[in-house]
Amino acid sequence: MRKLVYLIACSIDGFIGDPGGDASSMYGFVEGEYQTWTLDEYPETFPAPYLASLGRADAPPKRFDTVVMGRGTYQVGLDAGLPSTYGSLREIVASRSLTESPHPNVELVREDLPARVRELKAEDGPLDIWLCGGAEIAGVLREEIDEIVIKTYPQVYGSGLPMFGSGFAVSDFALEEVHTFPNGVLVRRYVRKR
């Protein structure tokens with residue numbers, strides 16, 4: 001069975017964006033040793049044009065073949081002129097406001113996102129599913145998440161968009177890996193205890 005992996009960047013105090021959802025203050029940390037590690041471990045999580053600029057446009061996906069995101073997360077790519085941000089991945093966008101997909105690589109899901117994710121997890125294949133965000137989608141899919149990879153950047157927001165936009169419920173995870181980088185970034189991988 002394939003896994004749903006919530007791979008997300010956040011501040012030290014657990015916010016994935018400012019109160020409006022903007023996380024651009026974190027972009028400056030994607031450099032040096034951390035950037036190299038991320039490109040090696042999770043290359044498909046970078047936008048396709050960026051990979052092309054590094055000469056990695058044809059690199060096959062390593063961890064994921066599908067990305068799931070909410071409309072707000074998807075809108076960042078659309079605003080940048082990218083109707084399919086992650087060209088090598090199948091893109092699943094949860095949206096009630098989009099009436100038709102702006103790209104053949106993008107599937108819109110209007111209802112019952114957890115059921116669609118269970119279908120994706122049941123597919124045959126060696127690669128997993130990346131939950132890209134945002135907070136509301138992570139809250140809706142909390143019970144479907146098998147792993148969480150948290151890229152913590154050395155910033156404090158004070159308030160903003162939390163990692164999970166949902167009500168209180170405890171879910172236990174076991175820490176599997178920790179990576180630290182000279183620029184202060186900390187990456188932790190957790191696996192759900194079932």
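Keep in mind that what you see is a predicted model, and the values were worked out from it rather than measured. (Residues numbered from 1 in each chain as written. Predicted model: local features only at pLDDT ≥ 70, side-chain atom pairs only at ≥ 80, totals over all residues. Heavy atoms only, no water.)

A look at the side chain of Glu 147
To keep things clear, this is the line we draw: In DSSP terms, a helix is any run of H or I states spanning at least four residues, a strand is any run of E spanning at least two, and both are numbered starting from the N terminus. Buried residues are those whose accessible area, probed at 1.4 Å on protein chains only, stays under 20% of the maximum for their type, while exposed residues exceed 50% and partly exposed ones sit between those limits.
Looking at where Glu 147 falls in the secondary structure, it is placed in strand β7 (residues 147–152). On the basis of relative accessible area, Glu 147 is assigned to the buried category, the value being 8%.

Section: unusual backbone geometry
Residue Gly 134 is reached from Gly 133 by a cis peptide bond, and omega for that bond is 10°. Note that Gly 134 resides in the loop between β6 (128–133) and α5 (135–140). Even without glycine at this site, Asp 112 takes up a positive phi of about 50°. You can see Asp 112 is positioned in the loop between β5 (106–109) and α4 (113–122).

Observations concerning the environment of Lys 121
What counts here: Any two residues whose heavy atoms approach within 4.5 Å at even a single point are treated as in contact. Identification of polar contacts relies on pairs of N or O atoms within 3.5 Å, with a donor-acceptor requirement for protein atoms, meaning one able to donate a hydrogen and the other able to accept it, and with residues adjacent in sequence counted only if both atoms are side-chain atoms.
On the secondary structure map, Lys 121 appears in helix α4. If we ignore the near neighbours within four places in the chain, the residues touching Lys 121 are Met 1, Arg 2, Leu 4, Ile 129, Glu 144, Asp 146 and Arg 194. Separated by 3.0 Å, the side chains of Lys 121 and Asp 146 make a polar contact.

Description of the environment of Gln 35
When you line up the elements, Gln 35 lands in helix α1 (residues 32–41). The spacing of Gln 35 and Glu 136 is 101 residues in sequence and 27 Å in space, taken between C-alpha atoms. Excluding residues that lie within four positions of it along the chain, Gln 35 makes contacts with Val 30 and Tyr 50.

A word on the pairing of strand β10 (residues 186–192)
Note the cut-off: Strands pair, by our definition, only if DSSP identifies at least two bridges between them.
The sheet contact formed by β7 and β10 spans 6 bridges and is antiparallel. Paired with Ile 148 across the strands is Tyr 190, a residue of β10. Summarising the sheet, strand β9 (residues 173–180) and β10 pair through 7 bridges and their orientation is antiparallel. Paired with His 179 across the bridge in β10 is Val 187.

Structural notes on the layout of surface pockets
Gaps left between atoms are located by rolling a probe of water-molecule size over the structure's atoms. The cut-off we apply is this: A 1.4 Å probe that fits into a set of points on a 1 Å grid over the protein atoms alone but cannot get out defines a cavity; an open set with protein on both sides within 12 Å along at least five of seven lines defines a pocket, and lining residues are those with an atom within 4 Å of a point. Grid points are joined across faces, edges and corners, and a volume is the space filled by probe spheres set on the points. Put simply, Ala, Val, Leu, Ile, Met, Phe, Trp, Tyr, Cys and Pro go in the nonpolar bin, Asp, Glu, Lys and Arg in the charged bin, and everything else, Gly too, in the polar bin.
If you add up the space inside the largest pocket, you get close to 1300 Å³. Lining the largest pocket are 47 residues, and of these Thr 73, Val 76, Tyr 86, Cys 132 and Gly 133 sit closest to its centre. Those elements that provide at least two residues to the lining of the largest pocket are β1 (4–10), α1, β3 (64–70), α3 (71–79), β6 and α5. The dominant element in the lining of the largest pocket, judged by the number of residues it contributes, is α3, at 6 residues. Its residues assigned to classes, the lining of the largest pocket comprises 28 nonpolar, 11 polar and 8 charged.

Re the packing of aromatic side chains
Stated precisely, the cut-off is as follows: Centres within 6.5 Å make a pair out of two Phe, Tyr or Trp rings, where for Trp the six-membered ring is used; the pair is then stacked when the planes are under 30 degrees apart, edge-to-face when over 60, and tilted otherwise. Charges are assigned to positions over rings by a cutoff of 6 Å between ring centre and Lys NZ or Arg CZ, combined with an angular limit of 35 degrees from the ring normal.
Applying the stated criterion to the full structure yields 10 aromatic pairs. Between Tyr 34 and Tyr 153 the ring centres are 5.8 Å apart and the planes differ by 80°, which places this aromatic pair in the edge-to-face class. Taken together, the positions of Tyr 34 in helix α1 and Tyr 153 in the loop between β7 and β8 (161–162) put the pair 119 residues apart, joining distant regions of the chain. Take Tyr 34 and Tyr 153: they sit in the same class, and that class is buried. When the centroid spacing of 5.3 Å and the interplanar angle of 65° are considered together, the rings of Tyr 34 and Phe 181 count as edge-to-face. With a gap of 147 residues between them, Tyr 34 in helix α1 and Phe 181 in the loop between β9 and β10 connect regions that are remote in the sequence. On the basis of relative accessible area, Tyr 34 is assigned to the buried category, the value being 2%. According to the relative accessible area criterion, Phe 181 is buried, its value standing at 9%. Each residue in the set Phe 29, Tyr 34, Trp 37, Tyr 42, Phe 64, Tyr 86, Trp 130, Tyr 153 and Phe 181 is aromatic and connected to the rest through ring pairs, giving one cluster. The ring of Tyr 42 carries the charged tip of Arg 63 above its face, separated from the ring centre by 4.7 Å.

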